[in-house]
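What follows is the residue order along each chain.
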Amino acid sequence: MRIYVFWVCLLLIASVSQAADVVKPVAKPTVSKAKTIVAKPGIDASVSRDSVLTFLNESNKAFLEGENGKQVPSIKYASVTAVVKNWLSLRFLELDSEIDKSWYERVYKFLDYMTKARTFMDSAKMNGKLKTPEYKKISDNFDEAYSRFAALLKDPTPVEQKKLEKLRDEKRKWELTQSRKSGSIKEE
């Protein structure tokens, strides 16, 4: 029962305090076509390399430094994980950011693991189980995952030129189709 009450309270407090962090823009994108960071099915959205790296590096900095001298709660990790998951659903993610999708998938996996590990560690702390072998193992694995995540952010995998050219062609065709559907271009 204590755990349930803890998580309900944590989610309520964190969702209110973190909502502004998730919603506010991290940095102005340098690409003029960038519309939004979070995508919804059926909605055209794009990201830029700068906006992606700025968001992830600032999130990483918050993870490292914490908030007000305390470790960042699992809800912050979950928020960042959700943003990356949404990026993975973008149609032209690789073209707009010029970062390979496999890199995003690795970033997502690290964030997902760190979210689960931080959730476990927060729960263990609340229940006074910090000295268990399981806590020690997960804490060590968390530290390892975090260091690998930080290293991954320093070296995003670029998209191959051939693939970029193919994606540019696909996007042009898609935009043309969308323009025709909306009626802004009349077929001859």
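Residues numbered from 1 in each chain as written. Predicted model: local features only at pLDDT ≥ 70, side-chain atom pairs only at ≥ 80, totals over all residues. Heavy atoms only, no water.

A. Here's a closer look at the packing of aromatic side chains. Following the criterion strictly, the structure yields seven aromatic pairs and no others. Measuring from ring centre to ring centre gives 4.0 Å for Phe63 and Tyr77, while their planes differ by 15°; the resulting arrangement is stacked. In this pair, Phe63 sits in helix H2 (residues 49–65) while Tyr77 sits in helix H3 (residues 74–88), placing the two residues 14 residues apart along the sequence. Accessibility classification places Phe63 together with Tyr77 in one group, the buried group. Taking the centre distance of 5.3 Å and the plane angle of 80° together, the rings of Trp103 and Tyr104 count as edge-to-face. No difference in accessibility class separates Trp103 from Tyr104, as the two residues are buried. Through a chain of ring-to-ring contacts, three or more aromatic side chains come together here, namely Phe55, Trp87, Trp103 and Tyr104. Lying across the ring of Phe142, Arg118 places its NZ or CZ 4.6 Å from the centre. (Phe/Tyr/Trp six-rings, centres within 6.5 Å; stacked < 30°, edge-to-face > 60°. Helix = DSSP H or I, 4+ residues; strand = E, 2+ residues; numbered from the N terminus. Buried < 20%, exposed > 50% of the residue type's maximum accessible area, 1.4 Å probe, protein only. Lys NZ or Arg CZ within 6 Å of the ring centre and 35° of its normal.)

B. Expanded view of the packing of H2 against helix H6 (residues 133–154). Two elements in contact, H2 and H6, have axes separated by 11 Å at closest approach and are oriented at 150°. Considering their axes alone, H2 and H6 lie roughly antiparallel with respect to each other. Every pair of crossing elements has a handedness; the one defined by H2 and H6 is left-handed. Here Leu53, Leu56, Asn57, Asn60, Phe63 and Leu64 of H2 come into contact with H6, specifically with Tyr146, Phe149, Ala150 and Leu153. Across the contact of H2 with H6, the residue classes tally to eight nonpolar, two polar and no charged. (Axes fitted to C-alpha atoms, helices over the stretch in contact; angles between N-to-C directions. Parallel < 35°, antiparallel > 145°, perpendicular 65-115°, else oblique. Left-handed = near helix turned anticlockwise from the far one by under 90°. Contact = heavy atoms within 4.5 Å. Nonpolar A, V, L, I, M, F, W, Y, C, P; charged D, E, K, R; others polar.)

C. Quick peek at the pattern of salt bridges. Tallying each qualifying case throughout the model produces five salt bridges. Taking the shortest distance from any N to any O, the salt bridge between Asp96 and Lys171 comes out at 2.8 Å. Here the residue Asp96 occupies a position in helix H4 (residues 93–97), and Lys171 occupies one in helix H7 (residues 161–182), the gap between them amounting to 75 residues. As far as the burial class goes, Asp96 and Lys171 line up, both buried. (Salt bridge = Lys/Arg side-chain N within 4 Å of Asp/Glu carboxyl O.)

D. Local environment of the side chain of Ser59. Turning to its location among the elements, Ser59 is positioned in helix H2. There is a polar contact of 2.9 Å between the side chain of Ser59 and the backbone oxygen of Phe55. (Polar contact = N/O pair within 3.5 Å; in protein donor to acceptor, adjacent residues only side chain to side chain.)

E. Expanded view of the confidence of the model for the protein. Looking at the protein as a whole, its pLDDT mean stands at 79, while 73% of the residues score no less than 70. Across residues 4–12, confidence stays below pLDDT 50; counting only partners more than four residues off in sequence or on other chains, it has 10 contacts. Across residues 14–44 the pLDDT falls below 50, and counting only partners more than four positions away or on other chains, this stretch makes 38 contacts in the model. (pLDDT = per-residue confidence, 0-100.)

F. Quick look at the nonpolar core. In this structure, Leu56, Trp87, Trp103, Val107 and Leu111 are the most contacted members of the largest nonpolar core, which totals 34 residues. When residues of this core are traced back to their parent elements, those giving at least two are H2, H3, helix H5 (101–126) and H6. Every residue in contact with Leu111, bar those within four places of it in the chain, is listed here: Leu56, Phe63, Val80, Thr81, Val84 and Phe149. Counting residues in each nonpolar core, the second largest holds six residues, with Leu95, Val159, Leu164 and Trp174 among its members. (Core = buried A, V, L, I, M, F, W, Y, C linked by side-chain atoms within 4.5 Å.)

G. Highlighting the side chain of Glu94. Structurally, Glu94 can be placed in helix H4. In contact with Glu94, other than residues within four places in its own chain, are Ile99, Asp100, Lys101, Val159, Lys163, Leu164 and Leu167.

H. Expanded view of unusual backbone geometry. The phi torsion at Glu98 lies on the positive side, around 60°, for a residue other than glycine. If you trace the backbone, Glu98 turns up in the loop between H4 and H5. We classify Glu98 as partly exposed; its relative accessible area is 38%.

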